[in-house]
Amino acid sequence: MATVEYRNIVKNFGAVEVLRGLSFQIEPETFTVLLGPSGCGKTTLLRLTAGLEIMTSGDVLIAGERVNDVHPRDRDIAMVFQNYALYPAMKVFDNIAFSLQVRKLSPDEIRRRVGEAAATLNITDYLDRYPKELSGGQRQRVAMGRAMVRDATVFLFDEPLSNLDAKLRAHMRVEIRQLHDRLGSTSIYVTHDQIEAMTMADEIVLMHDGEIEQIGTPDEVYDRPANRFVADFIGTPSMNFLSGEVVADNGSPAFRAENVQVSLPDSVPATSGRKITCGLRPADLSLSETGSINGKLILAEKTGADIHLHVAVGDRNIVAVVPRSANVAAGQTVRLAIDPAKVHLFDAVTQHRVN
Amino acid sequence: MAVANLTRRRSALFDHPLPWLLPLIAILALLAIFPLFYSIWLSFYEWSTFNRQLEFVGWRNWATLFDDDRLSASLIVTFSYFAIALSFELVLGMGLALLLDADHRGFGFLRGALTLTLVIPPAVAGMMFLLMEDAEFGVITYVLQTIGLIDRGTPILATPSLALAGVLLVEIWQWTPFMVLIFMAGLRSLPTEPFEAALIDGASWWMTFRRITLPMMGKVIAIAVLIRGIDLFRVFDYVFVMTSGGPGTRTFSLSLYAWQQTFSFVKWGYGATLSLVTLAIVLVIANLFIWLTKVRW
Ligand SMILES: Nc1ncnc2c1ncn2[C@@H]1O[C@H](COP(=O)(O)OP(=O)(O)O)[C@@H](O)[C@H]1O
Ligand SMILES: [Mg+2]
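Just so it is clear, the structure is predicted and the values come from calculations on it, not from any experiment.

Things to note about the site of ligand 1
All names here are of chain A.
Consideration 1: Lining the immediate environment of ligand 1, one finds Phe13, Val18, Pro37, Ser38, Gly39, Cys40, Gly41, Lys42, Thr43 and Thr44.
Consideration 2: In the model, an oxygen atom of ligand 1 is placed 2.5 Å from a nitrogen or oxygen of the Thr43 side chain.
Consideration 3: One of the side-chain nitrogen or oxygen atoms of Thr44 is found 2.5 Å away from an oxygen atom of ligand 1.
Consideration 4: Burial of ligand 1 by the surrounding chains reaches 57%, relative to a free accessible area of 560 Å².
Consideration 5: Counting residues per element, the shell around ligand 1 draws most heavily on helix α1 (residues 42-50), which supplies three residues.
Consideration 6: Of the residues contributing to the shell around ligand 1, the split by class is four nonpolar, five polar and one charged.

Topic: the sheet that holds strand β4 (residues 57-62) of chain A
Pairing between the strands of a sheet comes from backbone hydrogen bonds, and it takes one of two forms, parallel or antiparallel.
Residue and element names in this part refer to chain A.
Consideration 1: Strand order in this open sheet of four strands is β2-β1-β4-β5, and the pairing throughout is antiparallel. Lying at the two open borders of the sheet, with one neighbouring strand each, are β2 (16-26) and β5 (65-66).
Consideration 2: Relative to β5, β4 runs antiparallel, the two sharing two bridges. Within β5, the residue paired with Ile62 across the bridge is Glu65.
Consideration 3: Lying on the sheet, α1 is in contact with β1 (4-13), β2 and β4; it crosses β1 at an angle near 115 degrees.

A short note on the domain arrangement of chain A
Residues and elements named next belong to chain A.
Consideration 1: Assigned domains within chain A: domain 1 (4-233) and domain 2 (240-347).
Consideration 2: Of note, the centres of domain 1 and domain 2, computed from C-alpha atoms alone, are 39 Å apart.
Consideration 3: With eight residues of domain 1 at the interface, the matching set in domain 2 holds five residues.
Consideration 4: Interface of domain 1 and domain 2: buried area, both sides summed, is about 640 Å²; carbon and sulfur atoms make up 61% of it.
Consideration 5: Along the contact surface separating domain 1 from domain 2 lie zero salt bridges.
Consideration 6: Breaking the side of domain 1 that touches domain 2 down by element, the ones donating at least two residues are α7 (218-223) and α8 (228-233).
Consideration 7: Of the residues belonging to the side of domain 1 that touches domain 2, the class tally is four nonpolar, one polar and three charged.

Some points on the side chain of A:Asp347
Residue and element names in this part refer to chain A.
Consideration 1: Inspection of the secondary structure puts Asp347 in strand β20 (residues 344-347).
Consideration 2: Looking at Asp347, the relative accessible area reads 16%, which means it is buried.
Consideration 3: In this structure the side chain of Asp347 is engaged in a polar contact, spanning 3.1 Å, whose partner is the side chain of Arg274.
Consideration 4: Leaving out residues up to four positions away in the same chain, Asp347 has contacts with Arg274, His352 and Val354.

Brief notes about the pattern of salt bridges
Consideration 1: One pass over the full model with this rule turns up 25 salt bridges over all chains.
Consideration 2: A salt bridge links B:Asp201 to A:Arg150; its shortest N-O distance comes to 3.5 Å. Placement of B:Asp201 in helix α10 (residues 193-201) and of A:Arg150 in the loop between α4 (136-148) and β7 (154-158) is noted, with the two residues assigned to different chains.
Consideration 3: A:Arg150 sits in the buried class, given a relative accessible area of 7%.
Consideration 4: Among the charged side chains, a network of salt bridges with common partners joins A:Arg103, A:Glu109, A:Arg112, A:Arg113, A:Glu116 and A:Asp151.

Section: the interface of chain A and chain B
Consideration 1: Contacts between chain A and chain B engage 24 residues on the former and 15 residues on the latter.
Consideration 2: Counting the surface lost from both chain A and chain B, the interface buries some 1,700 Å², and carbon and sulfur atoms represent 66% of this.
Consideration 3: The largest contributions to the chain A side of the interface with chain B come from A:Arg73, A:Tyr87 and A:Phe98, which together make up 27% of the buried area.
Consideration 4: Across the contact surface, chain A and chain B share eight residue pairs in polar contact (both at pLDDT 80 or more).
Consideration 5: Only α1, β6 (77-80) and α2 (92-102) of chain A provide two or more residues apiece to the side of chain A that touches chain B.

Conventions adopted
Residues numbered from 1 in each chain as written. Chains lettered and ligands numbered in written order. Predicted model: local features only at pLDDT ≥ 70, side-chain atom pairs only at ≥ 80, totals over all residues. Heavy atoms only, no water. Near = heavy atom within 4 Å. Polar contact = N/O pair within 3.5 Å; in protein donor to acceptor, adjacent residues only side chain to side chain. Areas by Shrake-Rupley, 256 points an atom, 1.4 Å probe, with all protein chains shown as cover. Helix = DSSP H or I, 4+ residues; strand = E, 2+ residues; numbered from the N terminus. Nonpolar A, V, L, I, M, F, W, Y, C, P; charged D, E, K, R; others polar. Pairing = 2+ DSSP bridges. Contact = heavy atoms within 4.5 Å. Axes fitted to C-alpha atoms, helices over the stretch in contact; angles between N-to-C directions. Domains from an automatic or database assignment. Buried area = accessible area lost by both parts, 1.4 Å probe. Salt bridge = Lys/Arg side-chain N within 4 Å of Asp/Glu carboxyl O. Buried < 20%, exposed > 50% of the residue type's maximum accessible area, 1.4 Å probe, protein only.

Encoded structure:
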């Protein structure tokens, strides 16, 4: 329904630069996730979008209209706050109904909408309680309900699942995504949890230190991380990084470091001696007699579904994920192999992707 | 061994609460409990000017209460004073607190200036307003005349219909800042998130105040009403200095009546009885209020 566009957003708190000139556009009806470590400015960007914070410079456009000076109530947005921000003196029903009461909808209509939202969120039994009488998960759902009854064009979510237990979190991920699909609205969802981002997003905006590192679909940021930061941030266990150089091996390019030699796709320029950082995803590594990564197994962690191997290669430790059927024992010498197409290469200085 | 001994000696002395409470108990006994029981005792006696001694009169003082026009008059004055002052101080106090809560330039100074009225002794404030409400050269009289509220040369404090309002003026002037301070502290301790949520939900200023601010301030308001209400009920200084209860009984408060009986008319027994009545009314109303508003101390 509505695009959201950011143009050169700068936000300073006193001398602290929190957002350093962000520009990007969010397409209508997409579920966009702002992902980044704690303190990178995600909440600040969301609050700027809602109009709760005034930016130092730049423009925010909603549905093509510049909203810098538009009051929050006129931006047609709904927001779920990180710490819920429920109205403590109102019962759950009124918490959800408040925005509708403000707009003077008929009591019947209000009851219908609140009832619907409560049913979806499974909180019908709590409508008569005060927020302080609810558990964290229930409060979170009330906060969701408050956003749901609004038919806003843009929905903002600020880490709404951060206080839930793992099981409820997995359940709510699905609920929120379904809600988005049903309402056909534009959603901006903030999280520091890459699993949430990968599972829910149409598009991920990866932020770091008030700047955008990469924008792309979950597949794009996973398969082709734009730089070492993104590569490190996305994926569990995190990517292994090895420093070394590019060499020409019988005319085709290869990466070489201590105890490591990895063939590279022919598309990589075989400039011999170029310093480079090589990124290997643990899941892309496999045990192989002919593998060219030699190391000593220090620890084999069983997770149930598979085994995490911690292997000492030269002076570094790397992690590989192998099937649970693998027959390995700590102390053993192992050889790991990887498909050349799955190797990520980053310039040793700029840390930008080179392949 | 020595250490263990020391510890034991210390705990024996310091663990018991009594030594720590003794000073407080002594003060309470001296200043509250003794006078209370002495008053109760006194209320069954009366000073006889003829015999120059206290004489036992049984329930006579208590019976007099039910047939005392001055008492009913003073009760009406006290309750009116209480209700009007409290309403004004609450509404004005909340309004000013909301205004001053904003962080505009110079508001810090205003907040500081507000406390000034509180450091003036009430009797002195009463004298100030007595002068300012003077019929000839009082500034308040002049202003009220200029805007046409009263006729030229009206002695506010000597006019039956205006006297109580004249006293209320100083009361409200001096004690509204007290409310402002309490409310401002309350407002500043409120969480900000609900207000941001209300902003996004599109609530108007009034809706936000009525549905969010006010309910969250409930306990603070209740405490302010309690503290100020108890004080208002014992109003003495202002009426004593400004009107001596006049004209007629228009500003004759309960405390003033008790004082007059005790010290002017030397009816110690009846004066004590009146004080006990004041105490009983305050206790009943205050506890009823605490119970109704569920204030927890
Ligand atoms: N009101 C504020 N005053 C000063 N600094 C702030 C304020 N709000 C946020 N910051 C700072 O801005 C940075 C980004 O904060 P935030 O947007 O909350 O990060 P995130 O939501 O990504 O964890 C942090 O370093 C934080 O300390
Ligand atoms: Mg945050």
